[in-house]
Amino acid sequence: MLKKILLFLPLLTVFTPLALAESVNVGTLYWKQDVVSSNSFVDIYVNDDDMNKKEYPNFVDKFKITVWSDSSPEGLEIQVLETGVYSGIFKGSVYIADSGETLNNRLVSAPGDTLYAKYVDSTLPNGGSSEIVSASVVKISGQNMDEILNQIDSTIRNVAYDQEKIPAWVKSNAGWWADGTISESEFLSGIEFLIEDGIIAVPPTQVSSESSSDESVPAWVKSNAGWWADGTISDDEFVNGIQYLIKSGLISISTDTESEKEVKPLKSKSTDPKLAELEEKLEKCSEITTAYKRIDCEKPVKQQITLHKYKEGAQSFDLGPITYYWFGVGSEGNEFEISPTGQPLLSIRMLAENTSSEVTSLNCTSPSICSYDVWDGTKSFKYSGMDFTSGQIVLNPGNAREFNILFGPNIGYGGTEFEYDASKSYQFRINEDFGKVSIELNLK
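Report on the accompanying structure. Everything numeric here is computed off the predicted structure, so don't read it as measured data.

Before going further, it helps to spend a moment on the overall build of the protein. In terms of regular secondary structure, the protein is built from eight helices and 22 strands. Looking at the 444 residues of the protein, the share that counts as buried comes to 44%. Here the analysis covers contacts within the protein between residues at least 6 apart in sequence; of these, 65% occur between residues at least 24 apart. Surface summary for the protein: the accessible area is close to 22500 Å², and the carbon and sulfur share equals 48%.

Glancing now at the state of the cysteines. Inspection of every chain in the model, using the stated rule, returns two disulfides. Paired by a disulfide, Cys285 and Cys297 hold their sulfur atoms 1.9 Å apart. Its torsion about the S-S bond being -65°, the disulfide of Cys285 and Cys297 is classed as left-handed. Taken as a pair, Cys285 in helix α7 (residues 273–286) and Cys297 in helix α8 (residues 291–313) lie far apart in primary sequence, twelve residues in all. Judged by relative accessible area, which is 2%, Cys285 ranks as buried. Through a disulfide, Cys364 is tied to Cys370; the S-S separation comes to 2.0 Å.

With that settled, the discussion passes to the nonpolar core. In terms of nonpolar packing, the biggest core is built from 32 residues, with Tyr324, Tyr372, Phe403 and Phe428 touching the most fellow members. Per element, the largest residue contribution to this core is four residues, and it comes from strand β13 (residues 344–354). Once residues lying within four places of it in the same chain are set aside, the contact partners of Phe428 are Ile348, Met350, Tyr372, Asp373, Val374, Ile405, Phe407, Val437, Ser438, Ile439 and Leu441. Leu29, Val46, Phe90 and Ile96 belong to the second largest nonpolar core, which has 22 residues in total.

Attention shifts here to the sheet that holds strand β14 (residues 360–366). Pairing in this open sheet of three strands is antiparallel, and the strands run β15-β14-β19 from one edge to the other. Each of the sheet's edge strands pairs with one partner strand only, and the pair in question is β15 (369–370) and β19 (392–395). Across four bridges, β14 lies against β19 in antiparallel orientation. Pairing of Leu362 across the sheet is with Ile393, part of β19.

So, about unusual backbone geometry. Backbone geometry places Asn104, a non-glycine residue, at a positive phi of 50°. With respect to the secondary-structure elements, Asn104 resides in the loop between β6 (89–97) and β7 (106–108). What makes Asn104 exposed here is its relative accessible area of 63%. Of note, the phi angle at Tyr413 is positive, near 55°, even though the residue is not glycine. You can call Tyr413 exposed: its relative accessible area is 67%.

In terms of burial, strand β8 (residues 114–121) is a largely internal element, six of the eight residues being buried. Sheet analysis places β8 next to strand β9 (residues 130–138), joined by eight bridges and oriented antiparallel. Counterpart to Val120 in the pairing with β9 is Glu131.

Relative to the helices and strands, Asn431 is located in strand β21 (residues 427–432). For Asn431, a relative accessible area of 42% corresponds to the partly exposed category. In sequence terms Asn431 and Asp373 are 58 residues apart; their C-alpha atoms lie 8.6 Å from each other. Ignoring any residue separated from it by four or fewer positions in sequence, one finds Asn431 in contact with Ser371 and Lys436.

With antiparallel pairing, four strands are arranged side by side in an open sheet as β17-β16-β21-β22. The outermost strands of the open sheet, each flanked by one partner alone, are β17 (380–381) and β22 (435–440). Both strand β16 (residues 372–375) and β21 contribute to a ladder of four bridges, which runs antiparallel. By the bridge assignment for β21, Tyr372 is matched with Ile430.

With respect to the helices and strands, the residue Asn39 is situated in the loop between β2 (35–36) and β3 (40–47). On the accessibility criterion, Asn39 (39% relative accessible area) is partly exposed. Excluding anything up to four places from it in sequence, Asn39 contacts Tyr95, Ile96, Ala97 and Asp98.

Enumeration according to the criterion identifies eight salt bridges in this entry. Note that Lys118 is salt-bridged to Glu131, the shortest N-O span being 3.7 Å. Of this pair, Lys118 sits in strand β8 while Glu131 sits in strand β9, and the two are 13 residues apart along the sequence. With a shortest N-O distance of 3.3 Å, Asp376 and Lys424 are connected by a salt bridge. Taken together, the positions of Asp376 in the loop between β16 and β17 and Lys424 in the loop between β20 (400–407) and β21 put the pair 48 residues apart, joining distant regions of the chain. Taking the relative accessible area as the measure of exposure, Lys424 reaches 34% and is therefore partly exposed. Here the salt bridges do not stand alone but share partners, grouping Asp373, Lys382 and Arg429 into one network.

Moving on, we come to α7. With 14 residues, α7 extends 20 Å between its outermost C-alpha atoms, agreeing within 8% with the 20 Å of an ideal straight helix rising 1.5 Å per residue. Among all positions of α7, only Leu275, Ala276, Leu278, Glu283, Cys285 and Ser286 are buried. Axial view of α7: buried residues confined to an arc of 165°, hence all on one face. Facing away from the buried surface of α7 by more than 90 degrees, the exposed residues are Pro273 and Lys284.

Right, let's get into the side chain of Ser136. Looking at the secondary structure, you find Ser136 in strand β9. The class of Ser136 is buried, set by a relative accessible area of 0%. In this structure the side chain of Ser136 is engaged in a polar contact, spanning 2.4 Å, whose partner is the backbone oxygen of Asp34. Setting aside residues no more than four positions away along its own chain, Ser136 makes contact with Trp31, Gln33, Asp34, Val35, Val36, Asp113, Thr114, Leu115 and Ile152.

Reading guide: rules and limits
- Residues numbered from 1 in each chain as written.
- Predicted model: local features only at pLDDT ≥ 70, side-chain atom pairs only at ≥ 80, totals over all residues.
- Heavy atoms only, no water.
- Helix = DSSP H or I, 4+ residues; strand = E, 2+ residues; numbered from the N terminus.
- Buried < 20%, exposed > 50% of the residue type's maximum accessible area, 1.4 Å probe, protein only.
- Contact = heavy atoms within 4.5 Å.
- Areas by Shrake-Rupley, 256 points an atom, 1.4 Å probe, with all protein chains shown as cover.
- Disulfide = S-S within 2.5 Å.
- Core = buried A, V, L, I, M, F, W, Y, C linked by side-chain atoms within 4.5 Å.
- Pairing = 2+ DSSP bridges.
- Salt bridge = Lys/Arg side-chain N within 4 Å of Asp/Glu carboxyl O.
- Expected span 1.5 Å × (residues − 1).
- Arc of directions from axis to C-beta.
- Polar contact = N/O pair within 3.5 Å; in protein donor to acceptor, adjacent residues only side chain to side chain.

Quick look at the structure:
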């Protein structure tokens with residue numbers, strides 16, 4: 001799944017015009033299954049493009065919904081996280097337990113219980129809101145659950161997401177590619193994710209033996225994307241074009257079966273002995289033809305490569321158990337720009353490594369309660385977006401992880417709007433319990 005998310009990021013991180021965020025629609029809510037097994041996790045989805053804050057690039061959005069059951073009527077709140085930047089689809093998980101206590105993400109529910117999830121859509125016109133409820137049931141072993149399902153109010157009966165229907169935001173992406181807003185490579189990477197995750201259903205397609213990933217997308221496919229986006233051609237006609245891209249090798253789809261395509265590792269060209277060694281390990285992983293095994297092999301090696309590159313070329317800042325690495329403004333993920341609306345946008349990407357023998361957390365739960373901000377000598381600026389999971393990044397001993405923080409519009413919750421004055425000096429500040437540092441930004 002990580003691979004698919006990474007593939008989709010280039011498409012999703014395109015800065016979307018603010019006007020696109022102004023459309024209003026009624027959200028939908030659904031459990032992944034009508035019937036849920038005890039002592040297992042179940043996914044819940046919210047589909048609401050209005051909750052996708054498109055004006056904040058490079059960050060997924062999140063919010064909370066309420067879940068409860070017959071056995072646990074008070075229920076609990078769980079967080080739903082956007083499945084990708086700009087996707088407008090949010091996913092949360094809850095553990096259905098048949099005993100114990102309801103807390104955190106654990107909902108106690110007896111077999112035969114009705115499960116409920118509630119999302120309050122507060123983005124309706126004129127400040128209106130609507131409560132959206134979806135219901136599912138807990139399976140009773142050996143019993144047909146249709147009778148219990150049919151007793152649920154039809155207005156809240158769980159309706160699973162129809163994977164044959166392509167969401168409107170996917171059409172928007174196709175339109176952006178057709179008019180040049182996003183690049184060809186961004187479009188192809190995004191479509192790979194959409195197919196692998198079942199959002200676009202494409203019939204099985206054999207890759208041609210004459211295919212080449214060095215080819216470019218034919219002009220007619222790009223035209224099809226534009227026509228499909230504006231409704232001139234049907235979903236089926238657009239899918240025909242996607243099948244051509246798969247057949248020609250321009251889009252590759254991962255499966256959990258053995259690949260028929262021969263993998264030929266490339267020789268490492270790095271002059272750095274350590275990096276060359278790691279690249280060779282990564283190439284060995286590429287020889288594994290089973291998708292999930294290949295990903296399991298590649299993930300730790302890629303992390304080692306990332307850490308090595310940071311250690312070799314980035315500034316380092318030692319704060320107790322954590323060493324922070326930063327390449328500086330102007331490097332990938334570290335951009336400063338003024339948007340067309342005049343809003344300054346500053347993106348910070350760092351890597352944090354836990355060099356201690358204890359588990360250590362980085363903390364940023366909201367703009368008002370965050371260990372990271374920007375300082376101009378007189379004023380502190382709070383974030384507009386960040387990718388801390390549930391307000392923390394937990395690092396085990398020896399582990400390292402990149403994190404991103406965006407400063408721009410005021411999103412509330414104690415936030416501030418980022419302001420830029422060329423006469424001032426700006427610093428990125430870290431103020432964790434285990435250490436503090438101020439890093440010069442040199443914004444121009």
